Amino acid sequence: MSSNHSKRLWMYAQMVKSRYFEDLIKPAYFEGKTPVFNMAKGPLPGEMHLSDGQEPCAVGVCAHLRPDDTITATHRPHHIAIAKGVDLNAMAAEIFGKKDGLAGGRGGHMHLFDPAVNFSCSGIIAQGMGPAVGAAMAAKMRGSDAIAVAFLGEGAANQGAFHESLNLASVWKAPVVFIIEDNSYGISVPKSACTAVANNTVRAAGYAMPGHHVSGNDPDAVYAIAGIAIERARSGSGPSLIEIETSRLEGHFMGDPEGYRPKDEVKRLKERDPIPAYRARLVAEGFEEAELDRAESEARGKVDQAFAFARSNDYPEPKEAFDHVFA
Ligand SMILES: Cc1ncc(C[n+]2csc(CCOP(=O)(O)OP(=O)(O)O)c2C)c(N)n1
Ligand SMILES: [Mg+2]
């Protein structure tokens, strides 16, 4: 099997794993929250942001990364965490608020931290960009060729932290790659209503770094461009910015009535779902149906196992609520 073959099989399997993870989140999230939607109730209280449709962004980038490379991700983190290799049992338990979760159940789905693979995320948009520059500089100062990748949405690219991070990363030639997942919306606001440029990659020129644009929501295209930017960072030549056109197949959060979307938009996007499209391409290019089926069922099996672990895991002791808190 060529390394290209095994990478593409891996990318397919991670996309399936992420999608299935969210397929199991969906019914779990609504447990106890209906008939009158109440976000505070049920085994998964609080907001829930799904990444259905955005999987190509995560797998195309993470296929190049090592455990010692750092990722800072967003409030929509599942696909990225899974592709980075975050412990699936502990991730599911964290989302269920259980004691063996990544942060002992304290963080929930927007605050997944796994030091074993240098993954973190935050509900504060663009917040991860500065820490990614810091992680990149830490690797550089240690003499390692590890790099950092900051994921953000196109809405976050209008935050001050975006511009500050790009500037300093360029001044310091930090080994960091900034990945914008452009799903066209920041909550209900279309990109065109809040962003002065059609394409954020032109902003890279203002910070003297390469800017790449990837269209088609295509894992192979993301993989190719991410490879260029990651190689540039790893070889000490400095940061890059990549904007990937992708699609959000669900609401901004679960329970979002999506009144801001044209009625048939989601239907049209689902017809171009990147996962079946990638499978069809792989088959057309000679992958065996059986090996893809095997990869799918293995991925699903791991997710089933993680959800069983999370559901059966205990809640933390109430007396631990004030641990790790400044009094
Ligand atoms: C600093 C900050 N301002 C506002 C919010 C509220 N908020 C949460 S998600 C979001 C939109 C983010 O849009 P985008 O960056 O495009 O990411 P997407 O949700 O599309 O993945 C906003 C404004 C926040 N979390 N942090
Ligand atoms: Mg967005």
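Quick summary incoming for the structure in this document. (Residues numbered from 1 in each chain as written. Chains lettered and ligands numbered in written order. Predicted model: local features only at pLDDT ≥ 70, side-chain atom pairs only at ≥ 80, totals over all residues. Heavy atoms only, no water.)

## Thoughts on the overall build of the chain
Counted only if it meets this: In this description a helix means any DSSP run of H or I spanning at least four residues, a strand means any run of E spanning at least two, and both kinds are numbered starting from the N terminus. The size measure is the radius of gyration over C-alpha atoms, and the globule rule it meets is 2.2 Å times the number of residues to the 0.38 power. A simple rule labels every residue: compare its accessible area, found with a 1.4 Å probe on the protein chains alone, to the largest value its type can have, and call it buried under 20%, exposed over 50%, or partly exposed in between. By definition in these notes, contact holds between two residues if any of their heavy atoms fall within 4.5 Å. Reported accessibility uses the Shrake-Rupley method at a 1.4 Å probe radius. Residues are deemed covered only where the shown protein chains occlude them.
Scanning the chain from terminus to terminus reveals eleven helices and eight strands. Compactness check: the chain gives a C-alpha radius of gyration of 19 Å against a globular reference of 20 Å for 327 residues, within 12% of the reference. Expressed along its principal axes, the backbone C-alpha trace of the chain runs to roughly 60 × 50 × 45 Å. For the chain, buried positions account for 52% of its 327 residues. Partitioning the contacts of the chain with sequence separation of at least 6, the portion at a separation of at least 24 is 74%. Total accessible area computed for the chain in this model is approximately 14300 Å², and 57% of it derives from carbon and sulfur atoms.

## A look at the site of ligand 1
Heads up, the rule is: Only a single heavy atom is needed: when it lies within 4 Å of a molecule or strand, its residue is near that molecule or strand. We define a polar contact as two N or O atoms separated by no more than 3.5 Å, with the added condition that, inside protein, one atom must be a possible hydrogen donor and the other a possible acceptor, whereas residues neighbouring each other in sequence contribute only through side-chain atom pairs. Each residue gets one label: Ala, Val, Leu, Ile, Met, Phe, Trp, Tyr, Cys and Pro are nonpolar, Asp, Glu, Lys and Arg are charged, and the others, such as Gly, are polar.
The environment of ligand 1 is made up of 15 residues, and the closest members are H75, R76, G123, N183 and Y185. One of the backbone nitrogen or oxygen atoms of G123 is found 2.8 Å away from a nitrogen atom of ligand 1. Within the backbone of I125, one N or O atom sits 3.2 Å away from a nitrogen atom of ligand 1. Here the residues of the shell around ligand 1 sort into five nonpolar, eight polar and two charged.

## Digging into the coordination of the magnesium ion (ligand 2)
Heads up, the rule is: Here the coordinating atoms are restricted to nitrogen, oxygen and sulfur within 2.8 Å of the metal centre, or 3.2 Å for Na, K and Ca, and because water is not among them the sites may look incomplete. Every angle between 85 and 135 degrees makes a four-donor site tetrahedral, while opposite donors more than 155 degrees apart, with all other angles between 65 and 115, make a four-donor site square planar and a six-donor site octahedral; other sites are irregular.
Binding of the magnesium ion (ligand 2) to the protein goes through E154 (OE), E154 (OE), N183 (OD1) and Y185 (O), at separations of 2.1 to 2.7 Å. Viewed at the metal, the six donor atoms of the magnesium ion (ligand 2) are separated by angles of 51 to 177°, and the geometry they form is irregular.

## Here we look at the environment of P239
Locating P239 in the fold gives a position in the loop between helix 8 (219–234) and strand 8 (240–245). With relative accessibility at 2%, the residue P239 sits in the buried group. Along the sequence, P239 and V177 sit 62 residues apart, while their C-alpha atoms lie 5.4 Å from each other.

## Points about the packing of helix 1 (residues 3–30) against helix 2 (residues 55–62)
Inclusion rule: What counts as an axis is a line fitted to C-alpha atoms, over the stretch in contact for a helix, and the angles between N-to-C directions run from 0 to 180 degrees. Angular relationships are summarised with four words: roughly parallel below 35 degrees, roughly antiparallel beyond 145, roughly perpendicular across 65 to 115, and oblique for the angles in between. Handedness of a crossing is defined here by the sense of rotation of the near helix relative to the far one, left-handed for an anticlockwise turn of less than a right angle and right-handed for a clockwise turn.
At their nearest, the axes of helix 1 and helix 2 sit 9 Å apart, and the two run at 140° to each other. With respect to helix 2, the element helix 1 is oriented oblique. As helix 1 runs across helix 2, the sense of the crossing is right-handed. Of the residues in helix 2, those touching helix 1 at W10, M11, Q14, M15, S18 and R19 are E55, P56, V59, G60 and C62.

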